[in-house]
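# Structural overview for review
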Amino acid sequence: IARIAAYSLKYEKIWEIMRIPEDKFYSCDGKIMHELKNTDLLLSTMPNCLGGKTGFTPLAGKSLLAGAVDESGKHKIIAVLLNDEQRWEDMKILVNWVFKNYKWQ
């Protein structure tokens, strides 16, 4: 999951779509419309969030993939949490820890 997300950082359009809070999407012929709402709580609570993907399966539990950028805008990270009941808060803690403690070279 993390490798796919890291590779996708090359394509800003993917991350732009992940940040859409809610919208209506139409089929090519305009006959079918879907209203979609983004459930990613980090978009409104973590200013440096690039976007993310939530998930759940009975075996993997609640999961969360997130991308984030540092204050300079130079460094991006991908983080994945699996089977985490506090995934939203834990992701914020993890991302903040990385940007405070990792030395970029």
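What you see as residue numbers is a count from 1 along each chain, following the sequence as written. Local features in this predicted model are restricted to residues of pLDDT 70 or higher, and side-chain atom pairs are both shown and tallied only at a pLDDT of 80 or more, whereas totals for entire chains, interfaces and linings draw on every residue. To get the side-chain values, take all heavy atoms of the structure and skip hydrogens and water.

### So, the overall build of the chain
Counting from the N terminus, the helices are the DSSP runs of H or I reaching at least four residues and the strands are the DSSP runs of E reaching at least two. What the chain contains, in helices and strands, is four helices and five strands. Ordered by position in the sequence, the α and β elements of the chain form the string α-α-β-β-α-β-β-β-α. Over its C-alpha atoms, taken along the principal directions, the chain stretches across nearly 50 × 35 × 25 Å. Each residue is assigned to one of three classes by its accessible area relative to the maximum for its type, calculated with a 1.4 Å probe on protein chains only: buried under 20%, partly exposed between the two thresholds, exposed over 50%. When the 105 residues of the chain are sorted by exposure, 30% land in the buried category. Residue contacts are defined here by distance: any two heavy atoms, one from each residue, within 4.5 Å place the two residues in contact. Relative to all contacts within the chain whose residues are 6 or more apart in sequence, the contacts with residues 24 or more apart total 36%. Areas reported as accessible are Shrake-Rupley estimates using a 1.4 Å probe. Residue values count occlusion only from the protein chains shown. Taken as a whole, the chain presents about 7800 Å² of accessible surface, with 58% of it coming from carbon and sulfur.

### Quick notes on the pairing of strand β2 (residues 33-37)
Each regular strand displays side chains that alternate between the two surfaces of the sheet. Note: strand β1 (residues 22-26) against β2, five bridges, orientation antiparallel. Looking at the pairing, tyrosine 26 lines up with methionine 33 of β2. Linking β1 to β2, which pair antiparallel, is a turn of six residues; within it glycine 30 sits at a positive phi near 80°. Should DSSP find at least two bridges between two strands, the strands are regarded as paired.

### Points about the nonpolar core
Throughout, nonpolar core names a set of buried Ala, Val, Leu, Ile, Met, Phe, Trp, Tyr and Cys residues whose side chains join them through atoms within 4.5 Å. Core analysis: the biggest nonpolar cluster contains 14 residues, and Leu42, Met46, Ala68, Ile77, Met91 and Val95 have the highest contact counts within it. Going through the elements one at a time, β4 (61-69), β5 (76-81) and α4 (87-101) are the ones with two or more residues in this core. Residues in contact with methionine 46, not counting those within four places in the same chain, are Ala68, Lys92 and Val95. Ranked by size, the runner-up nonpolar core spans six residues in total, among them Trp15, Met18, Leu65 and Val69.

### Considering the side chain of serine 63
Tracing the backbone shows serine 63 in strand β4. Leave out the neighbours within four places in its chain, and serine 63 touches Lys53, Thr54, Gly55, Phe56, Leu81, Leu82 and Arg87.

### Remarks on the pattern of salt bridges
Note on definitions: salt bridges are taken to be side-chain nitrogens of Lys or Arg within 4 Å of carboxyl oxygens of Asp or Glu. In total, this model carries four salt bridges according to the counting rule given. Measuring nitrogen to oxygen at the nearest pair gives 3.1 Å for the salt bridge that ties glutamate 16 to lysine 13. Residue glutamate 16 and its partner lysine 13 are both found in helix α2 (residues 12-18); the two are separated by three residues, about one turn of the helix. Overall, the relative accessible area of 37% leaves glutamate 16 in the partly exposed class.

### Re the layout of surface pockets
Both site types are read off a 1 Å grid over the protein atoms alone. A 1.4 Å probe that fits but cannot get out defines a cavity, while an open set with protein on both sides within 12 Å along at least five of seven lines defines a pocket; lining residues have an atom within 4 Å of a point. Grid points are joined across faces, edges and corners, and a volume is the space filled by probe spheres set on the points. Of the volumes computed, that of the largest pocket is approximately 210 Å³. What lines the largest pocket is a set of 14 residues, among which Ile17, Met18, Ile20, Lys37 and Asn38 lie closest to the centre. Elements with a contribution of two residues or more to the lining of the largest pocket: α2, β1, β2 and β3 (49-57). With three residues, the single largest contributor to the lining of the largest pocket is β3. We call Asp, Glu, Lys and Arg charged. Ala, Val, Leu, Ile, Met, Phe, Trp, Tyr, Cys and Pro are nonpolar, and the rest, Gly among them, are polar. A per-class count over the lining of the largest pocket returns six nonpolar, four polar and four charged.

What is shown is where atoms sit, not what they do.
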